[in-house]
Amino acid sequence: MKNIIQNINKAFDHRIRLGIMSVLMVNESADFSTLKELLGVTDGNLASHAKALENEEYITVEKQFIGKKPNTSYIATREGRIAFKNHIEALEKLISKS
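Remember, it's a predicted structure, so these values are computed and weren't measured experimentally.

Caption draft 1: Up close: the environment of Ile-4. Mapped onto the elements of the fold, Ile-4 is located in the segment before helix H1 (15–26). Expressed as a C-alpha distance, the spacing of Ile-4 and Leu-46, which sit 42 residues apart in the sequence, is 30 Å. With sequence-adjacent residues up to four places away left out, Ile-4 is seen in contact with Leu-94 and Lys-97.

Caption draft 2: Representation of the packing of aromatic side chains in the model. Here the structure, examined in full by the defined rule, presents two aromatic pairs. When the ring of Phe-12 is compared with that of Tyr-58, the centres are 5.3 Å apart and the planes differ by 25°; the resulting orientation is stacked. Of this pair, Phe-12 sits in the segment before H1 while Tyr-58 sits in the loop between helix H3 (43–55) and strand S2 (59–66), and the two are 46 residues apart along the sequence. The exposure class of Phe-12 is buried, given its relative accessible area of 2%. Measuring from ring centre to ring centre gives 5.1 Å for Phe-12 and Phe-84, while their planes differ by 90°; the resulting arrangement is edge-to-face.

Caption draft 3: Looking closely at helix H4 (residues 78–97). Between its first and last C-alpha atoms H4 spans 29 Å; for 20 residues at 1.5 Å apiece the expected length is 28 Å, and the two agree. All of the buried residues along H4 are Gly-80, Ala-83, Phe-84, His-87 and Ala-90. Viewed end-on, H4 has its buried residues packed into an arc of 120°, placing them on one side of the element. Those residues of H4 that are exposed and angled more than 90 degrees off the buried face are Arg-78, Glu-92, Lys-93 and Ser-96. Here the buried face of H4 lies against H1.

About the cut-offs
Residues numbered from 1 in each chain as written. Predicted model: local features only at pLDDT ≥ 70, side-chain atom pairs only at ≥ 80, totals over all residues. Heavy atoms only, no water. Helix = DSSP H or I, 4+ residues; strand = E, 2+ residues; numbered from the N terminus. Contact = heavy atoms within 4.5 Å. Phe/Tyr/Trp six-rings, centres within 6.5 Å; stacked < 30°, edge-to-face > 60°. Buried < 20%, exposed > 50% of the residue type's maximum accessible area, 1.4 Å probe, protein only. Expected span 1.5 Å × (residues − 1). Arc of directions from axis to C-beta.

Structure follows, in structure tokens:
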């Protein structure tokens, strides 16, 4: 029997990373404050999980100033979008086999 969890991507196995990617899949980008509010997480949690996704090259980070205030935005990369879609498809297949 084929391993039914082999296509589940470890990069998305935490709920915060799953949430970040979910938001970015339906939005062109999202800034730090928006993600923090939508996901209900602390600054440190969001930053560390975003860094993990950035290290996998699934998201890119853009930093800029709006007026004198720093703004950090996140964008899903092409590779990130493909990996996330494959992950969701693997989860759907897993659920349908249960």
